[in-house]
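Structural overview for review
Here is how the chains run, residue by residue.
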Amino acid sequence: MVTRRAPYLGKSQGLCSRYEYTLVRARTDKMTATQPRWFTPLRLLGIFCLTNLVVYLDRGLIASNGVNGSARTAENPSGSGIQGDFNLSYFADGLLPALFMVGLLLSSPIFAEAVKHCSAFRMLGWGMAVWVLAVVACGAAPNFGFLLVARAFVGVGEASFVSLAAPFIDDFAPAAQKARWFAAFYLCIPVGFAAGYIFGGAITAVASWRVAFVAEGLAMVPFVAFALAAQPLQLRGSKPADSTHHRHRRWRAIAGEFLTDVATVFRQRVWVSVCAAYTAYVAVLGVYAYWGPKAGRALFFGADDRGGSADLVFGGVTVLTGVLGSVAGGLALDRMGSTVRNATLLCAASNFLGFVFLLLAFITSRSFEAFMGLFAAGQLVIFLLQAPVAATGMWCVPAELRPLGASLMTVAIHLLGDVPSPPLVGLLQTRLAAGKDTQQAAEQWRISLSICSLLLLVSGAFFLIAAWQSGPGADYRNQLV
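Predicted model only: the values in this text are computed from it and were never measured.

For the protein chain, per-residue confidence averages 83 on the pLDDT scale, and residues scoring 70 or more make up 86% of the total. Mean pLDDT in the protein chain bottoms out at helix 1 (residues 18-33), which sits at 48, and peaks at helix 20 (residues 455-469), which reaches 95. Residue range residues 1-24 is modelled with pLDDT below 50. Its contacts to residues more than four positions away, or to other chains, number 48 contacts.

Within the secondary structure, Ala441 is located in helix 19 (residues 438-453). Given a relative accessible area of 16%, Ala441 falls into the buried group. For the pair Ala441 and Gln429, spaced 12 residues apart in the sequence, the C-alpha separation amounts to 8.3 Å. Not counting residues up to four positions away in its chain, the partners in contact with Ala441 are Gln429, Ala433 and Lys436.

Quick look at the side chain of Asp334 now. Here Asp334 shows up in helix 13 (residues 308-336). By relative accessible area, Asp334 is classed as buried at 5%. At 2.7 Å, the side chain of Asp334 forms a polar contact with the side chain of Arg180.

On the surface, Leu345, Phe352, Ile447, Ile451, Leu454, Leu457 and Leu464 cluster together into a nonpolar patch covering about 550 Å² of accessible area. Residue assignment for the nonpolar patch shows that the elements contributing at least two residues are helix 14 (340-364), helix 19 and helix 20. Inspection of the secondary structure puts Leu457 in helix 20.

Bringing the nonpolar core into the picture now. Soluble, globular proteins show a tendency: their nonpolar side chains are buried together. Grouped together as the largest cluster of nonpolar side chains are 137 residues, with contacts concentrated most on Phe48, Ile82, Phe168, Phe182, Phe185 and Met220. At 16 residues, the largest contribution of residues to this core is made by helix 12 (residues 269-301). Once you skip the residues sitting within four places of it in the chain, Phe168 turns out to touch Leu44, Phe48, Ala120, Phe121, Leu124, Leu233, Gln234 and Leu235.

Per the stated rule, a full pass over the model turns up 24 aromatic pairs. On the numbers, 6.2 Å between centres and 90 degrees between planes, the contact of Phe161 with Phe223 is edge-to-face. Placement of the pair is Phe161 in helix 7 (residues 144-172) and Phe223 in helix 10 (residues 209-229), with a sequence separation of 62 residues. By the burial criterion, Phe161 is buried, and Phe223 matches it. Both rings, one in Phe182 and one in Tyr186, keep their centres 6.3 Å apart while their planes meet at 35 degrees; by these two values the pair is tilted. You can see Phe182 and its partner Tyr186 sitting in helix 8 (residues 178-186), four residues apart, about one turn around the helix.

Definitions and cut-offs
- Going along each chain's sequence as written, the residues are numbered from 1 onward.
- Thresholds applied to this predicted model are a pLDDT of at least 70 for local features of residues and 80 or more for the giving and counting of side-chain atom pairs; totals over whole chains, interfaces and linings are not thresholded and use all residues.
- No hydrogens and no water enter the side-chain calculation; it runs on all heavy atoms of the structure.
- Here pLDDT means the predictor's own confidence in every residue, given as a number from 0 to 100.
- Numbering of helices and strands starts at the N terminus; helices are DSSP runs of H or I of at least 4 residues and strands are runs of E of at least 2.
- Two residues qualify as a contact provided that any one of their heavy atoms is within 4.5 Å of a heavy atom in the partner residue.
- For the exposure calls, accessible area comes from a 1.4 Å probe over protein chains only, and a residue counts as buried if that area is under 20% of its type's maximum, exposed if over 50%, partly exposed in between.
- For this analysis, a polar contact is any N or O atom pair within 3.5 Å, provided that within protein one partner can donate a hydrogen and the other can accept it, and provided that sequence-adjacent residues contribute only side-chain to side-chain pairs.
- Here, patches come from residues exposed beyond 30% relative accessible area and free of salt bridges, joined within 9 Å for like charges and within 5 Å for nonpolar side chains (Val, Leu, Ile, Met, Phe, Trp, Tyr).
- Note that accessible areas follow from Shrake-Rupley with a 1.4 Å probe, and for residues the cover is restricted to the protein chains shown.
- A side-chain nitrogen of Lys or Arg and a carboxyl oxygen of Asp or Glu constitute a salt bridge if their distance falls within 4 Å.
- Working definition of a nonpolar core: buried Ala, Val, Leu, Ile, Met, Phe, Trp, Tyr and Cys residues. They are joined through side-chain atoms within 4.5 Å.
- A pair of Phe, Tyr and Trp rings is counted when the ring centres sit within 6.5 Å of each other, with Trp represented by its six-membered ring. The angle between the planes then sorts it: under 30 degrees is stacked, over 60 is edge-to-face, the rest tilted.

Below, the structure written as structure tokens:
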């Protein structure tokens, strides 16, 4: 095995030797020559982008005012949506994304380690099959406890996709365009969220919120069938679909290998710093995604609005800023030179500048137009880091441990990020609003969201630490296996 640890930036960057470029190109050509007949890199990217859209549509759907609804009050004793049907407090409502993330974080490392012994492509199919069954169960939930369990299994299914899709893209994206390909994939996150806001409002205008979950489950069925039936694509470090190697091994040996791999990932200093930075960032995004439409409705639309206006406006802004920000971040990193240091510096700048715009939106705006202008500018800037942070997570761990590195980062950003942040901010808002009239209670959202936004400064500081730690030895892209 030939191992080179200097950063590989693609031939167009002019920063690697012809010999290094030839080795990487030979590996890529060999992988491509043995792929199934249906495969082309762009086709793979398109399939994964569409799947990612539906995955994150579910996240936006359950946060939408149409599906999530409103709590029961004296003015509206029945409430609406999930909150109204199950008579939920803000804290209980915040448990829905939390339980989803618990399922995801428990399952993600299992899928990541399993691909060393099974076909990664088949694991995608089985995992998303669980996702389909779980979202349909959400629509059929007879009580809140059942809904919580169903949301946990949605997380179990999604774990397969979030752990394995990015390494596939890293394997087959053109070397000089990897950041742009990651941008195309990750821009589906804000677009999916926004589509969920809009879809939730549109469905509940004509039918029950339960119909929305069934519809998204049906939309994922074609991908599940394809991943289970088509000739599988081979991921570096994963076993072929017809391989029987490792099936005779004892669970104790597999567990020992897993712990060794985890220790290897945690020895990568850049990965640890990026993980800490990304955790703080995701905590803020989780709050904006879950409470943003509700806060906007309370501040600017009033109690009579059932959520349609707030969902549409926040959804549209999230789509626009997510697409522009993600693409711009990928293009900027490719232009700057796709090094780990450049990627982490770009992420730090994105956090610091975005914080300024968002804080101004929450504190100074007194009209809806001013608020949305500043909020959109802040979202645009913080979405710049989507592609760079994803690329860095792939590049700062050994190639065969990319799924595990991605899954462990997923565990961290959710366990310490957007699992606790929505219920905690919901609890904070409940306490700030206690004893106040409707208008005064709505104004407390400015304080709640401003306090949460301080985590963007923490995120930026950790990205600066990662940039300081970065060097040729921290980039594994020339580790040939």
